[in-house]
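# Architecture at a glance
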Amino acid sequence: MKTHIVIDGNAFYEIDEECMRQKMENEQKKIQKKQRELQKKRPELEDRQENEKSKE
């Protein structure tokens, strides 16, 4: 387990690098999932916009 220490004034923090790596990977997965969901919805939204234009 790799760690490093951060000193901030009178406080210090021990950072677990493996935990931080996993946290970043999970954040990236969430972002990618949201992007995929938006890409799936985009064609539906474009179709709605076209339908609204054709009604006018």
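Refer to the structure above for everything that follows.
Residues numbered from 1 in each chain as written. Predicted model: local features only at pLDDT ≥ 70, side-chain atom pairs only at ≥ 80, totals over all residues. Heavy atoms only, no water.

## Description of the overall build of the protein chain
Inclusion rule: The way it works is that DSSP assigns letters per residue, a run of H or I at least four long becomes a helix, a run of E at least two long becomes a strand, and they are numbered from the N terminus. Both definitions apply: the radius of gyration is a C-alpha atom measure, and the globule rule equals 2.2 Å times residues to the power 0.38. Exposure is judged per residue with a 1.4 Å probe applied to protein chains only, and the accessible area is read against the type maximum: over 50% gives exposed, under 20% gives buried, and values in between give partly exposed. Residue exposure ignores everything except the shown protein chains as possible cover, and the areas themselves are Shrake-Rupley values with a 1.4 Å probe. Positive charges come from Lys and Arg alone, negative charges from Asp and Glu alone, with His and the N- and C-terminal ends not counted. Charged side chains are reduced to one point each, which is NZ for Lys, CZ for Arg, CG for Asp and CD for Glu.
Looking only at helices and strands, one finds one helix and two strands in the protein chain. Scaling as 2.2 N^0.38, a compact globule of 56 residues should have a C-alpha radius of gyration of about 10 Å, whereas the protein chain reaches 22 Å, well beyond that. Its C-alpha atoms put the protein chain at 65 × 25 × 5 Å along the principal axes. By residue count, 0% of the 56 residues in the protein chain fall in the buried class. A total of about 5,900 Å² of accessible surface is found on the protein chain, and carbon and sulfur atoms cover 49% of it. Side-chain charges in the protein chain split into 14 positive and 14 negative, and the spacing between the mean points of these groups amounts to 4 Å.

## A closer look at the pattern of salt bridges
This is how the line gets drawn: The term salt bridge refers to a side-chain nitrogen of Lys or Arg lying within 4 Å of a carboxyl oxygen of Asp or Glu.
The final tally for this structure, using the stated rule, is two salt bridges. Between R21 and E18 there is a salt bridge, with the nearest N and O atoms lying 2.4 Å from each other. Of this pair, R21 and E18 both sit in helix 1 (residues 17-55), separated by three residues, roughly a single helical turn. Take R21: its relative accessible area is 37%, and that puts it in the partly exposed class.

## Topic: the environment of N10
Tracing the backbone through its elements, the reader meets N10 in the loop between strand 1 (3-8) and strand 2 (11-16). Distance in space between the C-alpha atoms of N10 and K34 is 40 Å, their sequence separation being 24 residues.

## A short note on the pairing of strand 2
Operational definition: At least two DSSP bridges between two strands are required for those strands to pair.
In terms of strand pairing, strand 1 meets strand 2 through six bridges, oriented antiparallel. Bridged to V6 within strand 2 is Y13.

## Quick notes on a nonpolar patch on the surface
As a reminder of what qualifies: Candidates for patches are residues over 30% relative accessible area with no salt bridge; among them, like charges are joined within 9 Å and nonpolar side chains (Val, Leu, Ile, Met, Phe, Trp, Tyr) within 5 Å.
A cluster of nonpolar residues, I5, I7 and F12, forms a patch on the protein surface that exposes about 390 Å² of accessible area. Note on I5: relative accessible area 57%, which makes it exposed.

## Points about the pairing of strand 1
In regular strands, side chains alternate between the two faces of the sheet. Where burial is concerned, little of strand 1 is hidden: zero out of the six residues are buried. Between strand 1 and strand 2, which pair antiparallel in sequence order, lie two residues; one of them, G9, sits at a positive phi of approximately 65°.

Honestly, that's just the spatial picture; any functional story needs more than this.
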